[in-house]
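Below are the chains, spelled out letter by letter.
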Amino acid sequence: MIEPSREPKLISPKIGFNEFAERFSGRAAMLAFIVAIVFEAVTGQGIFSWLGLA
């Protein structure tokens, strides 16, 4: 049986459910949460009330 001498180097896709996308969206959510807390501490009102939605 013939076997390849080396394995091809595959490039991971940047879209869909993969490790890169999950890590990126998790970090973006953490950053947005911190920004929302800081915004509320500075202005004294929440994001929704500042936007006029609450």
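Reading guide: rules and limits
- Per-chain numbering applies: the sequence of each chain, read as written, is numbered from 1 onward.
- In view of the model being predicted, local features appear only for residues whose pLDDT reaches at least 70, and side-chain atom pairs are presented and counted only at 80 or more, with totals across whole chains, interfaces and linings using the full set of residues.
- For the side-chain quantities, the full set of heavy atoms in the structure was used; hydrogens and water were omitted.
- Secondary structure counts use DSSP, requiring at least four H or I residues in a row for a helix and at least two E residues in a row for a strand, with both numbered from the N terminus.
- C-alpha atoms define the radius of gyration in this analysis, and the globule rule sets the expected value at 2.2 Å times the number of residues to the power 0.38.
- Categorising residues by exposure relies on relative accessible area from a 1.4 Å probe, with only protein chains included: less than 20% of the type maximum marks a residue as buried, more than 50% marks it as exposed, and the intermediate range marks it as partly exposed.
- With residues, only the protein chains shown are counted as cover, and all accessible areas are computed by Shrake-Rupley using a 1.4 Å probe.
- Positive charge is attributed to Lys and Arg, negative charge to Asp and Glu, and no charge count is given to His or to the chain ends.
- To locate a charge, the coordinates of NZ of Lys, CZ of Arg, CG of Asp or CD of Glu are taken.
- To count toward a patch, a residue needs a relative accessible area above 30% and no salt bridge. Like charges then connect within 9 Å, nonpolar side chains (Val, Leu, Ile, Met, Phe, Trp, Tyr) within 5 Å.
- Basic side-chain nitrogens of Lys or Arg form a salt bridge, by our definition, when they fall within 4 Å of a carboxyl oxygen of Asp or Glu.
- Each residue after the first adds 1.5 Å to the expected span of a helix.
- In the analysis that follows, any N or O atom pair within 3.5 Å is treated as a polar contact, provided that within protein one partner can donate a hydrogen and the other can accept it, and provided that, for residues neighboring in sequence, both atoms belong to side chains.
- In what follows, a contact means two residues having at least one pair of non-hydrogen atoms within 4.5 Å.

A.B. asks: Looking at this structure, how should I read the overall build of the protein chain?
C.D. replies: A count of helical and extended segments in the protein chain gives two helices and zero strands. In terms of overall dimensions, the protein chain is more spread out than a globule: its C-alpha atoms have a radius of gyration of 22 Å, far above the 10 Å expected for 54 residues. In terms of overall dimensions, the protein chain has C-alpha extents of about 70 × 20 × 10 Å along its principal axes. Here the protein chain holds 54 residues, and 4% of them are scored as buried. On the protein chain, roughly 5,500 Å² of surface is accessible, and the fraction owed to carbon and sulfur atoms is 68%. When the 5 basic and 5 acidic side-chain charges of the protein chain are each reduced to a single mean position, those positions are 10 Å apart.

A.B. asks: I'm lost on a nonpolar patch on the surface in this one. Help?
C.D. replies: Among the surface-exposed residues, Phe33, Ile34, Ile37, Val38 and Val42 lie close enough to one another that they form a single nonpolar patch of about 510 Å² accessible area. Following the sequence through the fold, Ile37 ends up in helix H1 (residues 19-43).

A.B. asks: Teacher, can you tell me more about H1 here?
C.D. replies: Every α-helix carries 3.6 residues per turn, so stepping three or four residues along brings you back to the same face. End to end, H1 covers 36 Å across 25 residues, agreeing with the expected 36 Å (1.5 Å per residue, within 8%). Directly after H1, the chain includes Gly44, whose backbone phi takes a positive value near 85 degrees.

A.B. asks: For this particular structure, what's the right way to read the side chain of Asn18?
C.D. replies: Tracing the backbone through its elements, the reader meets Asn18 in the segment before H1. For Asn18, the side chain forms a polar contact with the main-chain nitrogen of Ala21, separated by 2.8 Å. In this structure Asn18 touches Ser12 and Pro13, once residues within four positions along its chain are discounted.

A.B. asks: Whenever I open this one, the environment of Phe39 confuses me. Can you help?
C.D. replies: Its place among the elements puts Phe39 in helix H1. C-alpha of Phe39 to C-alpha of Trp50: the two residues are 11 residues apart in sequence and 9.8 Å apart in space. If sequence neighbours within four positions are ignored, Phe39 has contacts with Gly44, Gln45, Gly46, Ile47 and Trp50.

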